[in-house]
Amino acid sequence: MGQLRMDNVQKRFGDTEVIKGVSLDIANGEFVVFVGPSGCGKSTLLRMIAGLEEISEGEILIDGTVVNDLAPVKRGISMVFQSYALYPHMSVYENIAFPLRVERLAQPEVDKRVKRASDILKLHERLTHKPGQLSGGQRQRVAIGRAIVREPEVFLFDEPLSNLDAALRAEMRVELSKLHRELEATMIYVTHDQVEAMTMADRIVVLDAGFVSQVGSPLELYHRPQNTFVAGFIGNPKMNFLPATCTESDETGATVQLSNGASIRVPVAARPGLEGQALTLGIRPEHIHVDEGDLVLEFTPTVVERLGIHTVTYSTLPDGNGTFTTVLEGTAPAETGKPLGHGFNAADCHLFDGAGAAFSRTAPMADTPPSVLPTGPDHTQ
Amino acid sequence: MIDKYTWWEKLLIYTGVLVFLTFVLAPFIEAFMVSLRPIDAVFRVPYRFFTEDMSFAAYFTMWENVPKLWRYILNSFFISCCATALALACIIPAAYSFSRFEYRFRNPILGGFLAINMIGAAVLIIPLYKLMLNLGLLNSYASMIIPGAAFTVPTGIFLMRSYLLRIPKELEEAAYVDGAGRIYTLWRVILPVALPGIVVVAITTFITAYAQQFLFALTFNSNSDLHPLPMGLYQFFGRQRIVWNELMAASLVGILPVLLVYVFLQRYIVAGLTAGAVKE
Ligand SMILES: Nc1ncnc2c1ncn2[C@@H]1O[C@H](COP(=O)(O)OP(=O)(O)OP(=O)(O)O)[C@@H](O)[C@H]1O
Ligand SMILES: [Mg+2]
């Protein structure tokens, strides 16, 4: 079956280290999404799994077999490329049938498999067309069709939807999730689109400059980011960070003082003896309320965007470095240039130490279905 | 596009085009006019462009005057076709290798090919003669085909390589992931996609080979049955006089195959030489 394991996988291009030791277990049938900023090595990691890129160090195992030196087709994977990589001179039928032609399957079997793929992807009316005559979404479906005819155990997708417009992307997202359920295959999906990651993934792997920053379910990453990188990367608009100094701490929480003298006690699993240390307080824009909350800070919005359902404000922090973003109700009384009380609750706060590692939050997360949350506060990997 | 030229700018442009075209085409037109004149009227003084005594007679008498003329034309065509086929068989794999693989001395080798282009056939003709002599290839079609192909290979590799470089790598990677080998991918994926480029290379090779064969035929071949057209034309140089009108007629008939190839495939040439220059 499609069980995949990476053991301290590394990749060097000449002297530059691109993947710096990734260990990961992916269960059969799981939908795993790799996210991360541009250039962090997502594609490289995926191409190493595919067998298109040599593995400098470490091992990749599929179903318990080390596949480091196996050709892609022997690994039981198939890959969908960002640019689709359809063969322009072949019909849709021949494009989908290509892997079967390589295998020299008999024509009736080819017919059967192509028909099944085109049924799943609703392509039967297009089988005689050339890729040039198709729309972007249809081309993407042909590329997926070519990947599924071989019935692989692991599907690899490298930003398959990034060439499509927003509406089509939303549609294909749903179709891919459906496909995942139908095929019950393992899927590894690279994207830099957070919405894709959050909606499709069973687990998200956040990559940061060749390292795995955190692995977890979408809501786990949202509610319990392990460090400032993940906290800032997951969530849109991104989390606000305020410098703070610890004044008192124990296992049940830490009291921090902000630069304006205000103080708040954050319910996290801290430890005693943090007094005097510089920490970072994180608060998501959507957790800000006008004039209400455990702590109210006064900032002056420099830009106010009214989106109807929400009002988004951007204020420059008093010390001049950084922006404070909020997502308020559509009717919020925010105005450019007029001071506004930014209130938030201690339970919504995140606290990070000087190195950027998070203290586990102990507050119950009332707005989250319990099934998607990890049980213990120290749940990692 | 908005027509942004004033009338006098247009006049200037068209005058320029006219001068250029006259310069390029005048020899052909004069050749054609000469072929229509009777032989005594060719050097008439004073020169007159149109005369009443013009006819297509030379186009008929030339076949009698030089009975093997048709054979020379066919030879020319045959030699160029073979040279093109042979050259393509070398160019395509070489260009593929230059465009896809990393190996030591790749760029020096490519540079070496281009350097050969600069030296040209004329300089190497004596060593080549010795080579042909040693290989026992003198006075055969091969003696004209092989060097003809060899000297078109460098340019061909360069053209083909730049075309192949534009074919996305992902196309091959997709085939590789699906289990196809190098040769299968080259045959089923790369060559069909590169077809316009191959046509361009084939045409330029054909035309170059057609133009070059005179030198090789002159040096390596003395069997008059194997002569290509440019050698055959020498037979119009009679003992007392040169039969200019028939010579011109035969030349024009001789370039006809190239012209036909060009006319039918020229849209590929334009498309192939400019493909990718503009985002499609
Ligand atoms: N063939 C190569 N030679 C040298 N460096 C490479 C090569 N391929 C990728 N890199 C480097 O590896 C790093 C990671 O590249 P990769 O394509 O994996 O990024 P990515 O996370 O997929 O980014 P994006 O979101 O922009 O696609 C980049 O810094 C890139 O410059
Ligand atoms: Mg990428």
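Predicted model only: the values in this text are computed from it and were never measured.

Chemist: Is there a simple way to explain the domain arrangement of chain A in this structure?
Modeler: It is common to report an interface's size as the accessible area lost on association of the parts. Residues and elements named next belong to chain A. Here chain A is partitioned into domain 1 (4–228) and domain 2 (237–352). For domain 1 and domain 2, the distance between their C-alpha centres works out to 39 Å. Counting residues at the interface gives six residues for domain 1 and seven residues for domain 2. Between domain 1 and domain 2, a total of about 490 Å² is buried, with carbon and sulfur atoms accounting for 62% of that surface. Interface area lost by domain 1 to domain 2 is led by Y222, P225 and T228, which between them contribute 86%. Counting across the domain 1 and domain 2 interface gives zero salt bridges. Summed over the shared surface of domain 1 and domain 2, the result is two residue pairs in polar contact (both at pLDDT 80 or more).

Chemist: So what exactly am I meant to see when it comes to the layout of surface pockets here?
Modeler: Empty space among the atoms becomes visible once a probe the size of a water molecule is rolled across them. Roughly 730 Å³ of internal volume is contained in the second largest pocket. Taken together, 25 residues form the lining of the second largest pocket, with L52 of chain A together with K169, E173, Y176 and R182 of chain B sitting closest to its centre. Mapped onto the lining of the second largest pocket, the elements with two or more residues apiece are helix 3 (69–100), helix 8 (169–177) and helix 9 (182–193) of chain B. Ranked by the residues each element gives to the lining of the second largest pocket, the list is headed by helix 8 of chain B, at four residues. Looking at the lining of the second largest pocket, its residues break down into seven nonpolar, five polar and 13 charged.

Chemist: Mind showing me how you'd approach the domain arrangement of chain B here?
Modeler: Residue and element names in this part refer to chain B. Segmenting chain B into domains produces domain 1 (1–59) and domain 2 (67–273). Facing the 13 residues of domain 1 at the interface are 11 residues of domain 2. When domain 1 packs against domain 2, the two sides together hide about 890 Å² of surface, and 79% of this comes from carbon and sulfur. Among the residues of domain 1 in contact with domain 2, I39, A58 and Y59 are the three that bury the most area, contributing 48% of the side total. On the surface where domain 1 and domain 2 come into contact, there are zero salt bridges. The interface formed by domain 1 and domain 2 includes one residue pair in polar contact (both at pLDDT 80 or more). Those elements giving two or more residues to the side of domain 1 that touches domain 2 turn out to be helix 1 (7–36) and helix 2 (57–65). The dominant element in the side of domain 1 that touches domain 2, judged by the number of residues it contributes, is helix 1, at five residues. In terms of residue class, the side of domain 1 that touches domain 2 is built from 10 nonpolar, one polar and two charged.

Chemist: Looking at this structure, I do not really get the interface of chain B and chain A. What am I missing?
Modeler: Contacts between the two partners involve 15 residues from chain B, matched on the other side by 25 residues from chain A. When chain B packs against chain A, close to 1700 Å² is buried across both sides, 65% of that on carbon and sulfur atoms. It is E170, V177 and D178 of chain B that lose the most area in chain B upon contact with chain A, and together they represent 37% of the buried surface on that side. At the junction of chain B and chain A, the tally comes to three salt bridges. For D178 of chain B, the salt bridge goes to R146 of chain A, with nearest N and O atoms at 3.8 Å. Our count for the chain B to chain A interface comes out at six residue pairs in polar contact (both at pLDDT 80 or more).

Chemist: For this particular structure, what's the right way to read helix 1 (residues 42–50) of chain A?
Modeler: Along an α-helix, a turn takes 3.6 residues, which lines up residues three or four apart on a common side. Residue and element names in this part refer to chain A. Most of helix 1 sits inside the fold, with eight of its nine residues counted as buried. Listed in full, the buried residues belonging to helix 1 are K42, T44, L45, L46, R47, M48, I49 and A50. At the exit of helix 1 stands G51, carrying a positive phi of roughly 95 degrees.

Chemist: Explain the packing of aromatic side chains to me, please; I cannot follow it from the model alone.
Modeler: The geometry of an aromatic ring pair is captured by two quantities: the separation of the ring centres and the angle between the planes. Taken as a whole and assessed by the stated rule, the structure comprises 22 aromatic pairs over all chains. Here F151 of chain B and F216 of chain B contribute two aromatic rings whose centre-to-centre distance is 6.0 Å and whose plane-to-plane angle is 25 degrees, an arrangement assigned as stacked. Linking F151 of chain B in the loop between helix 6 (141–150) and helix 7 (153–165) with F216 of chain B in helix 10 (residues 195–220), this pair joins segments that are 65 residues apart in sequence. Taken individually, F151 of chain B and F216 of chain B each receive the classification buried, so the pair is uniform in this respect. Cluster of aromatic residues (ring-pair linked, three or more members): F31, F155, F157 and Y189 of chain A. Note that R146 of chain A overlies the ring of Y87 of chain A, its terminal NZ or CZ placed 4.8 Å from the centroid.

Chemist: What am I meant to see in the nonpolar core here?
Modeler: Most often, soluble globular proteins have nonpolar side chains that are buried together. Within the largest apolar cluster, 80 residues are counted, with the highest numbers of intra-cluster contacts made by M6, F34, L156 and I188 of chain A. The leading source of residues in this core is helix 3 of chain B, at nine residues. Discounting residues that sit within four places of it in the chain, F34 of chain A has contacts with M6, L24, K42, L45, I49, I188, Y189, V190, T191 and V205 of chain A. If you look at the next biggest cluster of nonpolar residues, it comprises 44 residues, including L86, Y93, I144 and L221 of chain A.

Chemist: When you look at the environment of G112 of chain B in this model, what are you seeing that I'm missing?
Modeler: In this structure, G112 of chain B sits in helix 4 (residues 106–119). For G112 of chain B and F28 of chain B, which are 84 residues apart along the polypeptide, the C-alpha to C-alpha distance reads 37 Å.

Chemist: Explanation requested: the sheet that holds strand 11 (residues 240–250) of chain A in the structure shown.
Modeler: Sheet strands line up and pair through hydrogen bonds in the backbone, either parallel or antiparallel. All names here are of chain A. Sheet architecture is open: five strands sit in the order 13-12-11-14-21, paired in antiparallel fashion. The outermost strands of the open sheet, each flanked by one partner alone, are strand 13 (263–266) and strand 21 (350–352). For this sheet the average axis-to-axis angle between neighbouring strands, irrespective of direction, equals 40 degrees. Where strand 14 (residues 278–283) meets strand 21, three bridges bridge the pair, whose relative direction is antiparallel. Residue pairing across strands places L281 opposite L351, the latter belonging to strand 21.

Criteria and cut-off values
- Residues numbered from 1 in each chain as written.
- Chains lettered and ligands numbered in written order.
- Predicted model: local features only at pLDDT ≥ 70, side-chain atom pairs only at ≥ 80, totals over all residues.
- Heavy atoms only, no water.
- Domains from an automatic or database assignment.
- Contact = heavy atoms within 4.5 Å.
- Buried area = accessible area lost by both parts, 1.4 Å probe.
- Salt bridge = Lys/Arg side-chain N within 4 Å of Asp/Glu carboxyl O.
- Polar contact = N/O pair within 3.5 Å; in protein donor to acceptor, adjacent residues only side chain to side chain.
- 1 Å grid on protein atoms, 1.4 Å probe; cavity = no way out; pocket = protein on both sides within 12 Å on 5 of 7 lines; lining within 4 Å.
- Points joined across faces, edges and corners; volume = space filled by probe spheres on them.
- Helix = DSSP H or I, 4+ residues; strand = E, 2+ residues; numbered from the N terminus.
- Nonpolar A, V, L, I, M, F, W, Y, C, P; charged D, E, K, R; others polar.
- Buried < 20%, exposed > 50% of the residue type's maximum accessible area, 1.4 Å probe, protein only.
- Phe/Tyr/Trp six-rings, centres within 6.5 Å; stacked < 30°, edge-to-face > 60°.
- Lys NZ or Arg CZ within 6 Å of the ring centre and 35° of its normal.
- Core = buried A, V, L, I, M, F, W, Y, C linked by side-chain atoms within 4.5 Å.
- Pairing = 2+ DSSP bridges.
- Axes fitted to C-alpha atoms, helices over the stretch in contact; angles between N-to-C directions.

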